[in-house]
Amino acid sequence: EPEVTQTPSHQVTQMGQEVILHCVPISNHLYFYWYRQILGQKVEFLVSFYNNEISEKSEIFDDQFSVERPDGSNFTLKIRSTKLEDSAMYFCASSERGNTIYFGEGSWLTVV
Amino acid sequence: EDQVTQSPEALRLQEGESSSLNCSYTVSGLRGLFWYRQDPGKGPEFLFTLYSAGEEKEKERLKATLTKKESFLHITAPKPEDSATYLCAVRADSNSGYALNFGKGTSLLVTP
């Protein structure tokens, strides 16, 4: 069964450092997303991406964040200068059209 | 503002003891209500999508129903392997990029 693949599964970084999280969405999907979940809290939407541009973003997705689809298979989330409050599980997701969204297993980011 | 409220926050059932989880929502123009299952440290796993009041979907011991104000996830004769957090999410007219707005989830524990 096709699945969304994320790397790394866990990353520890120093405050102020840049982090890039990697995702390979399901191959025939056209819409890509990033969500995050702070420990013990709800899953929060960050950004959606379609046709090589951002189609929607939340208030959380400020200038510190960026997304990119560098080639035909990868989708990345960059955090430019990490803060302690960026510590969370980051989920990549994809959908074929704007219908059912399938999530990856997540990348756990710890900022120290 | 779109809101999704799940109840109860936590539920403990004996194996075989049927029950229901509730998701009440306030959105301007529902474009879909989604149920996901989330195991600890994992990404949300898709269960159901409901689009209109009166719609029902079933999968094994789970049945999801939808009204104009809420959705129920009925669990019939649960087994210990049904233990997980069940997440409800909505997509509204305001979500131009197909984002989902999640509730906080119901943590279900089924004991033998």
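Residues numbered from 1 in each chain as written. Chains lettered and ligands numbered in written order. Predicted model: local features only at pLDDT ≥ 70, side-chain atom pairs only at ≥ 80, totals over all residues. Heavy atoms only, no water.

**Student:** Please clarify how the overall build of chain A should be interpreted in this entry.
**Tutor:** Along the backbone of chain A there are 0 helices and 11 strands. Put simply, chain A runs from its N terminus to its C terminus through helices and strands in the order β-β-β-β-β-β-β-β-β-β-β. For 112 residues, the compact-globule estimate of 2.2 N^0.38 gives 13 Å, and chain A sits close to it at 13 Å. Taken along its principal axes, the extent of the C-alpha atoms in chain A is 35 × 30 × 25 Å. Of all 112 residues assigned to chain A, the portion counted as buried reaches 46%. (Helix = DSSP H or I, 4+ residues; strand = E, 2+ residues; numbered from the N terminus. Rg over C-alpha atoms; globule rule 2.2 N^0.38 Å. Buried < 20%, exposed > 50% of the residue type's maximum accessible area, 1.4 Å probe, protein only.)

**Student:** Help me understand the overall build of chain B, please; the structure alone is not making it clear to me.
**Tutor:** Broken down by element type, chain B carries 0 helices and 11 strands. Counted from the first residue to the last, chain B has its helices and strands arranged as β-β-β-β-β-β-β-β-β-β-β. For 112 residues, the compact-globule estimate of 2.2 N^0.38 gives 13 Å, and the C-alpha radius of gyration of chain B, at 14 Å, lies within 12% of that figure. Counting across all 112 residues of chain B, residues that qualify as buried make up 46%. Of the contacts made within chain B by residues no fewer than 6 positions apart, 56% connect residues no fewer than 24 positions apart. Of the roughly 5,400 Å² that chain B leaves accessible, carbon and sulfur atoms contribute 47%. Each charge class in chain B can be summarised by its mean position, and for the 13 positive and 15 negative side chains these summaries are 2 Å apart. (Contact = heavy atoms within 4.5 Å. Areas by Shrake-Rupley, 256 points an atom, 1.4 Å probe, with all protein chains shown as cover. Lys, Arg positive; Asp, Glu negative; His and termini not counted. Charge placed at Lys NZ, Arg CZ, Asp CG, Glu CD.)

**Student:** I'm lost on the interface of chain B and chain A in this one. Help?
**Tutor:** Where the parts come together, the accessible area they lose is often given as the size of the interface. Contact with chain B, which involves 23 residues of that partner, is made by 20 residues of chain A. Where chain B abuts chain A, roughly 1,600 Å² becomes buried across the two surfaces, and 54% of that area is made up of carbon and sulfur atoms. Applying the counting rule to chain B against chain A returns 0 salt bridges. Where chain B packs against chain A, one counts 9 residue pairs in polar contact (both at pLDDT 80 or more). Elements represented by at least two residues in the side of chain B that touches chain A include exactly β4 (30-38), β5 (45-50), β9 (84-92) and β10 (101-102) of chain B. Examining the composition of the side of chain B that touches chain A, we find that 3 residues originate from one element, β4 of chain B, more than from any other. Classifying every residue of the side of chain B that touches chain A by side-chain character gives 10 nonpolar, 10 polar and 3 charged. (Buried area = accessible area lost by both parts, 1.4 Å probe. Salt bridge = Lys/Arg side-chain N within 4 Å of Asp/Glu carboxyl O. Polar contact = N/O pair within 3.5 Å; in protein donor to acceptor, adjacent residues only side chain to side chain. Nonpolar A, V, L, I, M, F, W, Y, C, P; charged D, E, K, R; others polar.)

**Student:** Sorry, what's going on with the sheet that holds strand β1 (residues 5-7) of chain A here?
**Tutor:** Picture the strands of a sheet paired through backbone hydrogen bonds; they go either parallel or antiparallel. Residue and element names in this part refer to chain A. Pairing within the open sheet is antiparallel, and its 4 strands lie in the order β1-β3-β8-β7. Of all strands in the sheet, those bounded by a partner on one side alone are β1 and β7 (65-68). In this sheet, neighbouring strand axes are inclined to one another by 20° on average, regardless of whether the strands run parallel or antiparallel. In terms of strand pairing, β7 meets strand β8 (residues 75-79) through 4 bridges, oriented antiparallel. The residue bridging S66 from the neighbouring strand is K78, located in β8. (Pairing = 2+ DSSP bridges. Axes fitted to C-alpha atoms, helices over the stretch in contact; angles between N-to-C directions.)

**Student:** Can you help me understand the state of the cysteines in this one?
**Tutor:** Linking two cysteines covalently via their sulfur atoms produces the bond known as a disulfide. All names here are of chain A. Tallied over the entire structure, the rule returns 2 disulfides over all chains. Paired by a disulfide, C23 and C92 hold their sulfur atoms 1.9 Å apart. Taking the torsion about the sulfur-sulfur bond, which here is approximately -70°, the covalent link between C23 and C92 counts as left-handed. Of this pair, C23 sits in strand β3 (residues 19-24) while C92 sits in strand β9 (residues 88-95), and the two are 69 residues apart along the sequence. The two residues C23 and C92 agree in class, both being buried. (Disulfide = S-S within 2.5 Å.)

**Student:** I'm lost on a negative patch on the surface in this one. Help?
**Tutor:** A cluster of acidic residues, E1, E3 and E105 of chain A together with E45 of chain B, forms a negative patch on the protein surface. Tracing the sequence through the fold places E45 of chain B in strand β5. (Patch = residues over 30% accessible without salt bridge, like charges linked within 9 Å, V, L, I, M, F, W, Y side chains within 5 Å.)

**Student:** Would you explain the sheet that holds strand β8 (residues 70-75) of chain B in this entry?
**Tutor:** Residue and element names in this part refer to chain B. Read across the sheet, 5 strands follow the order β1-β3-β8-β7-β6 without closing on themselves; strand pairing throughout is antiparallel. Unpaired on one side and paired on the other, β1 (3-7) and β6 (56-59) mark the two borders of the sheet. Strand after strand, the sheet turns through a mean of 15° between neighbouring axes, direction not considered. When β6 meets strand β7 (residues 62-66), the two strands line up antiparallel, connected through 4 bridges. Looking across to β7, one finds that E58 is bridged to K63.

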